[in-house]
Amino acid sequence: MKKYFVTTPLYYVNAAPHIGHAYTTVAADVLARFRRARGERVHLLTGTDEHGQKIEEAAKAAGRHNLDFCDQTSAKFRELWKHLDISFDDYIRTTEKRHEDKVQELFSRLQKSGDIYKGRYEGLYDVVGESYVKESDAVRGPGGVLLGPESGKPLQRLSEETYFFRLSAYGPRLLEHYRAHPEFLAPASRAPEIARFVSDGLEDISVSRTKVKWGVPVPGDEQHTIYVWFDALINYWSAAGGAQDLWPADVHIVGKEIFRFHAVIWPAMLMAAGLPLPGRVFAHGWWTVEGKKMSKSLGNFVDPYEVTREFGVDAFRYFLLREMPFGNDGDFSTAALKKRYNAELANDLGNLVSRVVNMADSYLGGELPAKAPEGGDACSRRAAARAGDISARVAALDFHGALELIWETIRELNAHVNEQAPWKLAKTDKDKCALVLFDLIHSLRVVAGWIEPFMPRKAAEMQAQLGVRRFPDALTADDVLAGVNSRTGQIQKGPALFPRKE
Ligand code: ME8
């Protein structure tokens, strides 16, 4: 049985990770955790992109040997993923032999098929984006200096012998693929720009450099190293390492600025190599910080550790996916995070859990429901009725929409507590009070199952308070509804899940 295979981009090791990198990786993790909780076999791949001119220059500027430098920064990414509870199954570095061998194998394959041929590149190059830039796309800066359209940084003029990849031959097949697989380009709103780019006609692309030494040598022609993007894209396939149950990837999650590499060049490379294509490429939007683009000159990169020190890992994960629909751009600010933290986490969810757990403790003496209460109006049933829609949204990578539905349920539960006033019932109708609290606890167990992929630590704390015994694994919403809740333990009052921030 094939595993559900989800990937993040391989991040450049020229600098430390920031919230942009955390964003993509948390999203991939939520998807992976969500599918695992539903019993699927999942494989989450991430890693680092370590070759090429940009890294060579960064290592030099740091006064380090290339590989030492890469080791150090790659470790920072890996540590951050541990800190953020990213459940990655594999971490690939493009300097690993298992990868380099496959890059050479694929390069040779395309040389043999005639898809790679020797020529000469005369033109512009953007080191920041590691991309060849068409003369007509360059932007004229002060003093007539040509700047990269994306990076805004001065371009280099290259003139060197190179190998070309025959991208131009794949336009019609790519268009046919987009047409036959409308889910391939996501979100759908970004598909037309790719189709238009391909319809306008593709040019062959240079895939080797003679002036850059830090790269995978072209097999049999070691004057050349393989172009860093050609090298890095192959990681998705090299990491699969020929395993029968992995390739093709189900979804590549990437930022919008590298959509073309993944939606045009990568599938064309796979077509040329006769390999199956991934199921989908999803391009999400970009974060600005306090209204500004993150940049070296502004020095406004947000350090994820700083945010988690103040708000905790789970609130950070939550905020990233809650703030804007996956696919749109958004702005990161401490004020916005604090607002959501207090309103949605401390108030809506945290208070609800404390209130219900405290009442169950006081009025039921810790006695727990063995079975969900019957009756159509039980709020646990109404909550459960949303499970299908929530699943469908996460499956479509609509994390924001899924959280919206979960919070609708949480708000309904809050309203239900206020309407039923169990603290009054405790004095007037003990049976009804028990029933209402049973029902609320069931509902919260369902909610805990839903939020686990987003906030694994808080979901576990919540489950402990709600008396969900976690053996062998955390219960999912589906388990709870299926009556697995007979495996429950004692309600345990605990500290506030999200203490208010003043
Ligand atoms: O492009 N907002 O690596 P990279 C949202 N090595 N996401 C952001 C972001 C922001 N402001 N900044 C970065 C590369 N990202 C290549 C990829 S893949 C074979 C090679 C995220 O270190 C987003 O996922 O520049 C973006 O695509 C990625 O980091 C770029 O990381």
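The present account deals with the structure reproduced in this document. These numbers come from a predicted model, not from an experiment.

Moving on: the packing of helix H11 (residues 313-322) against helix H12 (residues 334-364). Working note: a packed helix pair is described by the angle between its axes plus the distance between those axes. Between H11 and H12, whose axes approach to 10 Å, the crossing angle comes to 105°. Classified by the angle their axes make, H11 and H12 are roughly perpendicular. On the side of H11, the interface is formed by Ala-315, Tyr-318, Phe-319 and Arg-322, while H12 contributes Ala-336, Leu-337, Arg-340, Tyr-341, Glu-344 and Leu-345. Considering only residue class, the contact of H11 with H12 consists of seven nonpolar, no polar and three charged.

What follows is about the pattern of salt bridges. Summed over the entire model, instances satisfying the criterion amount to 33 salt bridges. One salt bridge connects Asp-250 with Lys-2, and the closest N-O pair in it is separated by 2.8 Å. Highlighted residues: Asp-250 in the loop between helix H8 (235-240) and strand E14 (251-255) and Lys-2 in the segment before strand E1 (4-12), separated in sequence by 248 residues. When its relative accessible area of 32% is taken as the criterion, Lys-2 is described as partly exposed. Of the charged contacts, one joins Glu-122 and Arg-120 as a salt bridge, the two residues approaching to 3.1 Å between their closest N and O atoms.

Taken as a whole, helix H2 (residues 53-61) has its buried residues at Gln-53, Lys-54, Ile-55, Ala-58 and Ala-59. Residues of H2 that are buried sit in contact with E1, strand E2 (42-49), helix H3 (66-83), strand E4 (116-126), strand E8 (156-165) and strand E11 (208-209). A positive phi of about 65° marks Gly-63, the residue just after H2.

Strand order in the open sheet made by the six strands is E3-E2-E1-E14-E15-E9, with parallel pairing throughout. Whereas interior strands pair on both sides, the edge strands pair on one side only; in this sheet they are strand E3 (90-93) and strand E9 (185-186). Relative to strand E15 (residues 281-284), E9 is paired through two bridges, and the arrangement is parallel. For Leu-185, the partnering residue across the bridge sits in E15 and is Val-281. Of the strands in this sheet, E9, E14 and E15 touch helix H9 (residues 259-273), which is tilted by about 140° from E14.

What follows deals with unusual backbone geometry. Note that the residue after Ala-186, namely Pro-187, is joined by a cis bond; omega there is -10°. Within the element layout of this structure, Pro-187 appears in the loop between E9 and helix H6 (191-199). Cis geometry is adopted by the peptide bond preceding Pro-248, which originates at Trp-247 and carries an omega value of 0°. As for its position among the elements, Pro-248 is in the loop between H8 and E14. Phi angles above zero are rare outside glycine, and Glu-130 is one such case at about 45°. On the secondary structure map, Glu-130 appears in the loop between E4 and strand E5 (131-133). Assessed through its relative accessible area of 1%, Glu-130 is described here as buried.

Cut-off values and rules
Chains are numbered independently. Their residues run from 1 in the order of the written sequence. pLDDT decides what is reported in this predicted model: residues at 70 or higher carry local features, side-chain atom pairs at 80 or more are listed and counted, and totals for whole chains, interfaces and linings draw on all residues regardless. Side-chain metrics rest on all non-hydrogen atoms present in the structure, leaving aside hydrogens and water. As a rule, the C-alpha atoms of each element are fitted with a line to give its axis, helices using only the stretch in contact, and angles between N-to-C directions run from 0 to 180 degrees. Going along the chain from the N terminus, every DSSP run of H or I of four or more residues is numbered as a helix, and every run of E of two or more is numbered as a strand. Throughout this description, any angle smaller than 35 degrees is read as roughly parallel, any larger than 145 degrees as roughly antiparallel, any in the 65 to 115 degree range as roughly perpendicular, and the remainder as oblique. In this analysis, two residues are considered to be in contact whenever any of their non-hydrogen atoms come within 4.5 Å of each other. Residues are grouped as follows: nonpolar covers Ala, Val, Leu, Ile, Met, Phe, Trp, Tyr, Cys and Pro; charged covers Asp, Glu, Lys and Arg; every other residue, Gly included, is treated as polar. Any carboxyl oxygen of Asp or Glu that lies within 4 Å of a side-chain nitrogen of Lys or Arg is treated as forming a salt bridge with it. When accessible area is computed with a 1.4 Å probe and restricted to protein chains, residues below 20% of their type maximum are described as buried, those above 50% as exposed, and intermediate ones as partly exposed. If DSSP finds at least two bridges between two strands, the strands pair.

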